[in-house]
Amino acid sequence: MFAKPIPGRTTAAAEGDAVVLLIGMRINHFWAVHQWLPVILSMSRMLGELARDRSRGLLGRVLLTASPRTYYVVQYWESKEKLYAYASSPEMFHHRVWGIINRKERAGKVRGHVGLWHEAYVVPEGSYESIYFDMPAFGLAAATGVLPIERRGRTAAERFARRAGRGADA
């Protein structure tokens, strides 16, 4: 939060495909605190669980808000396989939370006080690029490391064209 900016232009040191998960909630009824507060606390607990065991595959995350009602997390993962493994593992908190939600939905007890959503993307290498100017490590760069921009190319076109096995740092 209070990291010092890295002077000049940098880029993310990501290698290979980028796996990005956007996951969040929307508070549909502010007065229903008993419905949406547990969702916020559950996400916090899941992020803590993942932070304690880096081998699960979460590389980094950014907490964001889209409005006073909508909150979400941008997550960067090692692979879609690790993302799937975490989401479906009976030992992990996520599995228990989704079990509760699914049972409530089947029983007709979901009341619409809070909305949940996620979007997952697997972005092939060469189909993403990044640039940060006088910024601390952020987003993909915070998750994968920071490189001087020259290592990946001065222009977006050069950075998009980069593939493993090609380029100055390969």
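Anything mentioned here points back to the structure above.
Residues numbered from 1 in each chain as written. Predicted model: local features only at pLDDT ≥ 70, side-chain atom pairs only at ≥ 80, totals over all residues. Heavy atoms only, no water.

### Side note on the overall build of the protein
Okay, step 1: Of the regular secondary structure elements, the protein holds five helices and seven strands.
Okay, step 2: Seen along its three principal axes, the alpha-carbon backbone of the protein occupies a region of about 55 × 30 × 25 Å.
Okay, step 3: In the protein, which comprises 170 residues, the proportion classed as buried is 35%.
Okay, step 4: Of the contacts made within the protein by residues no fewer than 6 positions apart, 73% connect residues no fewer than 24 positions apart.
Okay, step 5: Split by element, the accessible area of the protein, about 10400 Å² in all, is 59% carbon and sulfur.
Okay, step 6: Across the protein, 24 positive and 15 negative side-chain charges occur, with their mean positions spaced 9 Å apart. (Helix = DSSP H or I, 4+ residues; strand = E, 2+ residues; numbered from the N terminus. Buried < 20%, exposed > 50% of the residue type's maximum accessible area, 1.4 Å probe, protein only. Contact = heavy atoms within 4.5 Å. Areas by Shrake-Rupley, 256 points an atom, 1.4 Å probe, with all protein chains shown as cover. Lys, Arg positive; Asp, Glu negative; His and termini not counted. Charge placed at Lys NZ, Arg CZ, Asp CG, Glu CD.)

### With respect to the pattern of salt bridges
Okay, step 1: By the definition in use, this model includes five salt bridges.
Okay, step 2: For Arg152, the salt bridge goes to Glu15, with nearest N and O atoms at 3.0 Å. Remark: Glu15 occurs in the loop between β1 (6–12) and β2 (18–27) and Arg152 occurs in the loop between β7 (146–148) and α5 (156–161); sequence separation between them is 137 residues.
Okay, step 3: With its nearest N and O atoms 3.6 Å apart, the salt bridge here joins Arg56 to Asp53.
Okay, step 4: The exposure class of Arg56 is partly exposed, given its relative accessible area of 24%. (Salt bridge = Lys/Arg side-chain N within 4 Å of Asp/Glu carboxyl O.)

### Some points on the sheet that holds strand β3 (residues 58–65)
Okay, step 1: Taken in spatial order, the four strands of this open sheet run β3-β4-β2-β5, and their pairing is antiparallel. Both outer strands of the open sheet, β3 and β5 (114–123), are each paired with one neighbouring strand and no more. The sheet shows a mean angle of 15 degrees between the axes of neighbouring strands, taken without regard to direction.
Okay, step 2: Pairing analysis gives 10 bridges linking β2 to β5, with the strands arranged antiparallel. Each residue of the ladder has a partner; that of Ile23, found in β5, is His118. (Pairing = 2+ DSSP bridges. Axes fitted to C-alpha atoms, helices over the stretch in contact; angles between N-to-C directions.)

### Some details on the side chain of Thr11
Okay, step 1: Note that Thr11 resides in strand β1.
Okay, step 2: There is a polar contact of 2.7 Å between the side chain of Thr11 and the backbone oxygen of Ser130.
Okay, step 3: Once residues within four sequence positions are removed from consideration, Thr11 is found in contact with Ser130, Tyr132, Gly145, Val146, Leu147, Pro148, Ile149, Arg152 and Arg159. (Polar contact = N/O pair within 3.5 Å; in protein donor to acceptor, adjacent residues only side chain to side chain.)

### Section: the sheet that holds strand β6 (residues 132–135)
Okay, step 1: Reading across from one edge, β6-β1-β7 is the order of the three strands in this open sheet, with antiparallel pairing throughout. Lying at the two open borders of the sheet, with one neighbouring strand each, are β6 and β7. Ignoring which end each strand starts from, the neighbouring axes of this sheet average 55 degrees apart.

### Section: the packing of helix α1 (residues 33–52) against helix α3 (residues 93–106)
Okay, step 1: Two elements in contact, α1 and α3, have axes separated by 9 Å at closest approach and are oriented at 155 degrees. Of the possible angle classes, the one that applies to α1 and α3 is roughly antiparallel. Contacts between α1 and α3 involve Ser42, Arg45, Met46 and Glu49 on the former and, on the latter, Phe93, His94, Arg96 and Val97.
Okay, step 2: Residue classes in the contact of α1 with α3 are distributed as three nonpolar, two polar and three charged. (Parallel < 35°, antiparallel > 145°, perpendicular 65-115°, else oblique. Nonpolar A, V, L, I, M, F, W, Y, C, P; charged D, E, K, R; others polar.)

### Focus on the packing of aromatic side chains
Okay, step 1: Throughout the structure, instances matching the rule amount to two aromatic pairs.
Okay, step 2: Ring centres of Tyr72 and Trp117 lie 5.7 Å apart, and the angle between their planes is 50 degrees; this geometry places the pair in the tilted category. Of this pair, Tyr72 sits in strand β4 (residues 70–77) while Trp117 sits in strand β5, and the two are 45 residues apart along the sequence.
Okay, step 3: Residue Tyr72 is classed as partly exposed on the basis of its relative accessible area of 22%.
Okay, step 4: Judged by relative accessible area, which is 27%, Trp117 ranks as partly exposed.
Okay, step 5: With a centroid separation of 6.1 Å and 35 degrees between ring planes, the pair formed by Trp77 and Tyr86 is classed as tilted.
Okay, step 6: With relative accessibility at 2%, the residue Trp77 sits in the buried group.
Okay, step 7: Across the ring face of Phe93, the terminal group of Arg45 is positioned such that the distance to the ring centre comes to 3.9 Å. (Phe/Tyr/Trp six-rings, centres within 6.5 Å; stacked < 30°, edge-to-face > 60°. Lys NZ or Arg CZ within 6 Å of the ring centre and 35° of its normal.)

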